[in-house]
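Results of the structural survey
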Amino acid sequence: MSHVSLTVTQLKANQSLVQTKEFTAHLSYGVPQVVIFHGGSALENTVLHNNAKYSNTTNKHKLAYMRTLCTESYTFIPATPAEIEEVTGLTTPQSI
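Conventions we followed
- Residues numbered from 1 in each chain as written.
- Predicted model: local features only at pLDDT ≥ 70, side-chain atom pairs only at ≥ 80, totals over all residues.
- Heavy atoms only, no water.
- Phe/Tyr/Trp six-rings, centres within 6.5 Å; stacked < 30°, edge-to-face > 60°.
- Helix = DSSP H or I, 4+ residues; strand = E, 2+ residues; numbered from the N terminus.
- Buried < 20%, exposed > 50% of the residue type's maximum accessible area, 1.4 Å probe, protein only.
- Pairing = 2+ DSSP bridges.

Attention now moves to the packing of aromatic side chains. Applying the stated criterion across every chain yields a total of 2 aromatic pairs. Seen in terms of ring centroids, F23 and F37 are 6.0 Å apart; in terms of plane orientation they differ by 65°. Their pairing is edge-to-face. Placement of F23 in strand β3 (residues 23–28) and of F37 in strand β4 (residues 31–37) is noted, with a sequence separation of 14 residues between them. The pair formed by F23 and F37 is uniform in burial state, with each residue classed as buried.

Put into structure tokens, the structure is as follows:
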């Protein structure tokens, strides 16, 4: 990904949000779990959610965050970590 302005915000313990013009990503323990694409982006109103299993805690973080989203407003698509990296440039730490 080319140089993109981004903001990182601590959401809760071990959870953060990465925001760019194109998307907002929810990370649990540094691993991208849910990516919401904003209006005007190529994947507008699409939510990618990580389909890899990490831990019960990470899964709880992901599901709790997804419950905050209106299911009628978005198309939800399961995605691999590699697919999420390809469209966002966000990588999954190798130690996971």
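Below, the discussion takes up the pairing of β3. Burial runs high along β3: 6 of the 6 residues are buried. Where burial is concerned, the two faces of β3 agree: the one with F23, A25 and L27 and the one with T24, H26 and S28 are both buried. One ladder, built from 5 bridges, connects strand β2 (residues 15–19) with β3; its direction is antiparallel. Opposite V18, over in β3, you have A25 as the bridge partner.

Our focus in this paragraph is unusual backbone geometry. Within the chain, Y29 stands out as a residue other than glycine whose phi angle is a positive 55°. Tracing the backbone shows Y29 in the loop between β3 and β4. The backbone of N45 sits at a positive phi, close to 60°, despite the residue not being glycine. The exposure class of N45 is partly exposed, given its relative accessible area of 35%.

Keep in mind that these numbers describe shape and distance, not what the molecule does.
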